[in-house]
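# Structural features, examined
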Amino acid sequence: MIRVLATITRSEESNNWTMEKRFGPFGIGGWLLLVVVAASMVVLPLMLPPLPPPPLMLLLFPVGIMAALMFLAFSPAEAVVGNVVVHSV
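First things first, this report covers the structure right here in the doc. In this text the structure is predicted, and so the values were computed from the model without any measurement. (Residues numbered from 1 in each chain as written. Predicted model: local features only at pLDDT ≥ 70, side-chain atom pairs only at ≥ 80, totals over all residues. Heavy atoms only, no water.)

## So, the overall build of the chain
Across its full length, the chain carries three helices and two strands. Traced from its N-terminal end to its C-terminal end, the chain shows the element sequence α-α-α-β-β. The 89 residues of the chain split such that 0% are buried. Accessible surface, the chain: about 8600 Å² in total, of which carbon and sulfur atoms supply 77%. (Helix = DSSP H or I, 4+ residues; strand = E, 2+ residues; numbered from the N terminus. Buried < 20%, exposed > 50% of the residue type's maximum accessible area, 1.4 Å probe, protein only. Areas by Shrake-Rupley, 256 points an atom, 1.4 Å probe, with all protein chains shown as cover.)

This is how it looks when you write it as structure tokens:
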């Protein structure tokens, strides 16, 4: 009886291993979603009319975010105020 259960467990483990090897970390649903998104990115620009360019303020928004991130990245992490060292969190 124990030998049969061990055989069933091994066969289930090997079946799971082959499924994991075949599809990687994604299941069939994940691969299907990736294929549908990729196909829509190829087909939809051909079907939809061209859009007007966005306003300049909207184009400068990511540039402002990048400038703020660069400022925070290169600003000092510690500041000395008198005899007290202030750490930023």
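Next comes the rest of the description.
## Quick look at helix 3 (residues 56-74)
Over its 19 residues, helix 3 extends 27 Å from the first C-alpha to the last, a length consistent with the 27 Å expected when each residue adds 1.5 Å. Along its length, helix 3 reaches its greatest deviation from straightness, about 25°, at proline 62. Judged by how many residues are buried, helix 3 sits mostly at the surface: zero of 19 residues are covered. (Expected span 1.5 Å × (residues − 1). Bend = angle between axes of the 7 residues up to and from the residue.)

## Observations regarding a nonpolar patch on the surface
Where nonpolar side chains cluster on the molecular surface, the patch consists of Phe61, Ile65, Met66, Leu69, Met70, Phe71, Leu72 and Phe74 and spans about 930 Å² of accessible area. Topologically, isoleucine 65 is positioned in helix 3. (Patch = residues over 30% accessible without salt bridge, like charges linked within 9 Å, V, L, I, M, F, W, Y side chains within 5 Å. Salt bridge = Lys/Arg side-chain N within 4 Å of Asp/Glu carboxyl O.)

## Examining helix 2 (residues 28-47)
Each α-helix winds once per 3.6 residues, and so residues spaced three or four apart point in a common direction. With 20 residues, helix 2 ought to run about 28 Å at 1.5 Å a step, and its terminal C-alpha atoms sit 28 Å apart, in line with that. Along helix 2, the helix axis deviates most sharply at methionine 41, where the bend reaches about 30°; the proline proline 45 sits within four residues downstream. Taking burial as the measure, the 20 residues of helix 2 include zero buried ones, a minor fraction of the element.

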